[in-house]
Amino acid sequence: MASFVPTSAETLEDQRLYTQARLSTVACLGCGAEVGVKKNSEHHTSIQWSTAAREQCPELSGRPSDPSGRGLQQGCGRLVASIEAAVRDGAVPVGAEDGY
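Below you will find a few notes about this structure. Computed from a prediction, not measured in an experiment: that's the story for all the values here. (Residues numbered from 1 in each chain as written. Predicted model: local features only at pLDDT ≥ 70, side-chain atom pairs only at ≥ 80, totals over all residues. Heavy atoms only, no water.)

For the rest of this paragraph, the subject is the pairing of strand S1 (residues 24–27). Only one face of S1 is covered, namely the one carrying Ser24 and Val26; the face carrying Thr25 and Ala27 has none of its residues buried. Of the pairings in the sheet, the one linking S1 to strand S2 (residues 34–41) comprises four bridges and is antiparallel in character. Residue pairing in the sheet places Ala27 in a bridge with Glu34 of S2. Linking S1 to S2, which pair antiparallel, is a turn of six residues; within it Gly32 sits at a positive phi near 85 degrees. (Buried < 20%, exposed > 50% of the residue type's maximum accessible area, 1.4 Å probe, protein only. Helix = DSSP H or I, 4+ residues; strand = E, 2+ residues; numbered from the N terminus. Pairing = 2+ DSSP bridges.)

Listed below in structure tokens is the structure:
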């Protein structure tokens, strides 16, 4: 159960900006699973996996989910390579804007 559920418009907008703003869609060059990606810096990458993408990824689909329900897991090497290629091609911008 969530310990904090935002209700004010400002807090909801901050939550949306932090979790969804500037996400670029990247398809894995191995399996085609599509994820949302944001790179705030060269060393920081946020990846938003959907249930469908996790099920489509052969590297992740066989792994059990984190018992906490947060979905934390080791990444997929093929997806990392796909994200790096998308960054090189300019499809994924690098750098935070307005703190996001």
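Compared with the 16 Å implied by 1.5 Å per residue over twelve residues, the 16 Å span of helix H1 (residues 9–20) between its first and last C-alpha is a close match. Positioned one or two residues after H1, Arg22 has a phi angle of 65 degrees, which is positive. (Expected span 1.5 Å × (residues − 1).)

Let us now look at helix H4 (residues 77–88). Taking 1.5 Å per residue as the helical rise, H4 with its twelve residues ought to reach 16 Å, and the 17 Å between its terminal C-alpha atoms agrees with that figure. Leu79, Ser82, Ile83, Ala85 and Ala86 are the residues of H4 that are buried. Buried residues along H4 cover an arc of 160 degrees about the axis, so they all sit on one side. As for H4, its buried residues are in contact with S1, S2 and strand S3 (44–48). Looking one or two residues past H4, Gly90 carries a phi angle of roughly 85 degrees, positive in sign. (Arc of directions from axis to C-beta. Contact = heavy atoms within 4.5 Å.)

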